[in-house]
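# Understanding the architecture of this molecule
The chain contents come next:
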Amino acid sequence: MRVRGPPCSFFWALMLASGLPAPVDGCDFTESVCGAQAPGDVVIGILLPCHRKVINLQQRTRPENFHCSNFDLESFLRTLAAIHEIEVINAAGLLPGVRLGYLMCDTCASASKALQCVGHMLQVNGSLNATCDYTDFRPAVKIVLGALFSEVSIALARLMNVYMIPLLSSTSSAPDLSNKQRYPSFLRTIPSDKHQTRAVVRMMLHFDWNWVGVVYGDDEYGSEAFHSFLQDAENNTVCLAYQEVLPHYLGDLFSAERVKQVAQVIRSSSAQVVLLILKVELVGALFKEMIESNTSRIWISTDSWTKSKSLSKMQGINKVGDILGFTFVSEKSEPFDDYLKNLTATPGGYNHFIEEYKNLRFNCSSECFSVEPPSHCPSPELLRMKSASACNLKDPQGQNDDYLVKALGTRETFLQRVAVWATAKALKELLKCNSTSCSGEVNFPPWRLLEALRNITFEFENYTIKFDENGDLLNFYNLIAWQRDGNSRRFQNIGKYDVLRQEIMVEKYITWFSTANATIPSYRCSEQCAAGSVKKILNAVCCYSCTLCVEGTFSDVPDLETCKACPNGTWALKGWTECRPRSESYLRWTDAHPITMIAAAAFGVLLLFVVALIFLVYRDSPPMKRAEVRLSYVMMVGLSVSFASVICFMGRPNVHLCRARQLMYALGFTLCVSCILVKAYRTFLAFLPFGQLTCGRLHKLYKPTAIVVSLTALQGVICLLWLTLDSPDIDPTPPSPQSMERLIQCSEGLTHIGFGLMLAYIALLALVGFFLATKGRKVPQEFSETGYIIFSMLMYLFVWMCFIPVYVTNHRNAAPVQATAILVSTYGIIFCHFLPKCYEALRGSNADTLECVLRRWRGVDPGPKADPVTRTGSDVPEMGFPTARGNRFSISSTTTMLTSTGMLSPVDSDVILKQMSYCKMPHLRKLGNKLKRCRSISI
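Our subject in this report is the structure included herewith. (Residues numbered from 1 in each chain as written. Predicted model: local features only at pLDDT ≥ 70, side-chain atom pairs only at ≥ 80, totals over all residues. Heavy atoms only, no water.)

Attention shifts here to unusual backbone geometry. That bond from Gly 146 to Ala 147 is cis: its omega, 0°, falls within 30 degrees of zero. Mapping Ala 147 onto the fold places it in the loop between strand E6 (141-146) and helix H5 (150-163). A positive phi angle, close to 50°, is found at Asn 56, a residue other than glycine. With respect to the element layout, Asn 56 can be found in the loop between strand E3 (51-54) and strand E4 (68-71). In this structure Asn 56 comes out as partly exposed when scored by relative accessible area, which is 44%. Here Glu 461, not a glycine, exhibits a phi torsion of approximately 50°, which is positive. (Helix = DSSP H or I, 4+ residues; strand = E, 2+ residues; numbered from the N terminus. Buried < 20%, exposed > 50% of the residue type's maximum accessible area, 1.4 Å probe, protein only.)

A few words on the packing of aromatic side chains. Following the criterion strictly, the structure yields 32 aromatic pairs and no others. Measuring from ring centre to ring centre gives 5.0 Å for Phe 137 and Tyr 163, while their planes differ by 35°; the resulting arrangement is tilted. Of the two residues, Phe 137 is situated in the loop between helix H4 (111-121) and E6 and Tyr 163 in helix H5; the sequence distance between them amounts to 26 residues. A residue is classified by how much of its surface remains accessible, and Phe 137, at 12% relative accessible area, is buried. The exposure class of Tyr 163 is buried, given its relative accessible area of 2%. Three or more aromatic residues joined by ring pairs form one cluster here, namely Tyr 665, Phe 669, Trp 722, Phe 755, Tyr 796, Trp 800, Phe 803 and Tyr 807. Sitting over the ring of Phe 149, Lys 279 keeps its end group 4.3 Å from the ring centre. (Phe/Tyr/Trp six-rings, centres within 6.5 Å; stacked < 30°, edge-to-face > 60°. Lys NZ or Arg CZ within 6 Å of the ring centre and 35° of its normal.)

Let us now look at a nonpolar patch on the surface. Taken together, the side chains of Phe 603, Leu 606, Phe 609, Val 610 and Leu 613 present a nonpolar region at the surface, about 470 Å² in accessible area. Structurally, Leu 606 is set in helix H17 (residues 592-617). (Patch = residues over 30% accessible without salt bridge, like charges linked within 9 Å, V, L, I, M, F, W, Y side chains within 5 Å. Areas by Shrake-Rupley, 256 points an atom, 1.4 Å probe, with all protein chains shown as cover. Salt bridge = Lys/Arg side-chain N within 4 Å of Asp/Glu carboxyl O.)

Glancing now at the pairing of strand E16 (residues 463-466). Bridge count between strand E15 (residues 457-460) and E16: 4 bridges; the pairing is antiparallel. Bridge assignment links Phe 458 to a residue of E16, and that residue is Ile 465. Between E15 and E16, which pair antiparallel and follow one another directly, the connecting turn spans 2 residues, one of which, Glu 461, has a positive phi of 50°. (Pairing = 2+ DSSP bridges.)

In C-alpha cells:
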C-alpha cells in the first residue's frame, strides 16, 4: 500500500464521509451488500435496484446497514439480462482464455445505498486506500453497469471520476450526464433526455397539442428533464398550464399528501395533456388518485415508465385515458426468454435475488391472503405474482415457469445486453484477443477500458453501436401507445423518433379513449388561427385570439404571430393567405361598355355623314335654307370632333390621350354650341320688343362668323392655359387598400380648375343660347328653331349637371361617365337640330305663305283681301351666310322684299320675322298696299 502524503489526508476523510465502507470485522460484504456474484478474470459490476426503496430512509440517523423492501421485478429482469449476456459471451469464447465474472449489488433506488455498493466493489484486498494518483489503481471490478435512475448515476459518476472507472448505464438519461467535464467516466447506451424532451414536443406538435401540464420529480432526472422540456416547448410554442413537483422518493413523509395536491391541480386545470416525468411508483400513486376520481386525461410518459407492466395491469387503468410515450430501442431475444424459464445462479457463484424471486413466486404464503395479513407479508402488488400452485410445491427454489416472459416486457432489456456486449468488445480490443488467445494483461487499470469503450464501433442485431463525443449512443426512440386489452393495457408501437434528423414518424393509427375512434383529439389553449389571420396573444403565448391580416399583409400558414408584408408589386386584401399582383383597371377595347361607346361614337359620325349628304342634296329646299346649311355644316364638324374625343377615352390612358380627349371635346362642342348660340341670337334680334335705337345696336353685333370664331377661340385660350398651368396627366392616386385593382385613369390636373373652367364656359354658352331661345319661343316654328334650341340646351345642361356630382363622388367612373355624357349631349343636338330638318326635306315641305303665317300669328284669318306685311331690306339685318351664285341670290318662300316704290330688293335667305305688334306695326301702316310678296324670286 502506498504511503499517503499529508495533502491526501483530507481527501481520505472526505471519502469516508461519502459513505465508502472500510473493512469491518465480522461483516461479509459479499453476503450483506451484494446479492449476486460469479468469479472471473475480469469482473463486471452491476448496480441496479432489485428493491424499490430503503426502509425508513428518512429516519436514518446512524451509519447502519441499509434494509430494502418492495421487490422490483422489472429492474430484476435487467440484472438477469446482464448476467445472461455475460454467460453467453463466456460460452461463445469471444475472449479466448479470459472469463468474465460479475458482482451484482442492489442500490434499492437510493444513491446512498449505491455509494456503499461501489465502495465494496472497488476494494483491493478488503480495503480502499486514498492516494493522490490512481493511475495504477487496479480493483477487481473494471467497469460498473448502472445505475437505473439518473440521480443515482450522477452520485456514482462523481465518485468514479476520481478513479476513472467507466460507469455504463442503459437507463439514466439526464442531460447533465453528457457533460464530459463533470462526468468524464460516464457512458450510456441511450440518448440524452434532451432528445427525448424534444421528441415529446415534436409529438405534441404532430397531434396539435400546445397546452400541457407537467409533473416531475425533484431528483436530478426529473428537474433536468423538465428544464430541457421547458426550453424545447418555448422554442416550439408549447405552453405550460401548470408545473408541479413531487418528492422523488416514495417513502417521503409528505409524498402521499403531495400526490393528492397535485391530483387536485390536474383535475381543476383546463389542460387535457399531462407530461409525467416521474418514477413508476409515483406514477402509480398519481394514477390511483385519478382512478378514484374518475379523471381522464392524455398522459405523456417518459422512458422511466413508458413500458411499465405493473402500471399497465393496474386495477382501473382504463379510466385514466390515453397514454403515450417514448421508449428506447428494444428487440426480442429468444435465448434470454429461455434463460428466464430456467432460472439458476451461475455455476461457481450465487444469486440471492433469484432466490427471493422464487420465494415470492413459488413459496406458500396463504396467511398473507387473509383479511389481516402478518407484517412480514409482501405488498398486495407482489402477492399478485404468486403462483397458483405455490402451496403444492415442496421445493420453491427448484421451480421455474414462464411467468417473467409473459408478465414482463423482455424486449426492454435490449440496451442492457448492448452494454454488456460493448464492454466485451472493448475488452477484446484492450486485451488484444484473436481467435485463440488474449495477450493483454488481465489486471489492467480501469481507465484503459474507458478509453477503449469510447472508441469502439460494432454491429449488434442490425444496429451500429458507437458512442459519440458525449459518451451517448444516438439511435431511435419508439413511440408507444397504451391500448385497451380487457381490463389492462398493452403496448403498441405506433411510430418512432429519429434522433439525428429530429423527425417524428407516426406509422399506425390508434383508437383514442378521448374520441372513441381514430380521430386525434385537439387540445389547445386556443383554437388554431387559420391562414390569413394571426395570433393576438392574451395571457400566454398559446392563449390568443385570432385577427385577420390587414391589407397589404398575409399569412400563409396557421398560427403565425405576425403577418408578412407583401413583396413589391403585389397586394393582399384583409384576411388573405397570399399576395397577388394588382390588376390594371381602365376602359379596355375588348370590354362590353367601351365597345358600346365606340359603336355609339362611330354610329354618330356615320349619322352626321348621312345628314351632311342630305343637307348637300337638299340644300335648295326650304327646310335646309331655314336651317342655314353652312352653319349646320360647321356644327357637324364640331360634333364629329366631339364623337372622336370619345375614342380617346378607350384603352390604357397616357398623358397624350388625357390631354387630347379634353381638348377635342372642348373645342368641338364649343364650336357646335357657338353655332347654336348664333341661331338663337338671330331669332332674338328679329322678334324682341326693343326700340329702334336698341334694335339697331343689336343688329350691328350680329356677325355670325366673328361670333363663332371668337367664342371658339376663347375656349382655346382656356384650354391653352389649362394645359400650361395645370395639365391633365395620369392620376397618381394610389389604389385603395381594399381593392386589388390599380385604376389607370386620367387626372384633370391637380386643382381641376382648368377642367371646371372648360365645362363652365360651354355651360355658359349653352345658358346664353337657352336664354335667347326662350325669349323667342313664341316665334312660329316655320321661321325659327327656338324649340329645338331650348330642348337641346336643356338636355345638355341636365346631362352635365348629372355628371358633376357623379364625377365628384365616384371619381373611379369619371372616364366612362364623361364619355357617356359627351355621347348623350352630342346625340341630343343631332336629334334636335338635324334629323327634323332631314325629315322635312325628305318628306317635302308645304310651308304656308308668309301672309298666312303672319295673319295666323296676329290672330287674323287669312283671306284674299288681307294685306301682306313686310319690311324694307334696309331694316332687316344681314343674316347668316347668303347663298350667292354669281349675281343671283336665292330667296326662300318666306322672303319678303319691300321698297317705298314697290320695287323688290334682295335680302338674306331667311328673313327674320319681328313681333308685328311692336317693331313692325308702324312700318306696316305706312306701307299699305305697297307690300308685295315674292316666293322664291331670284334676282
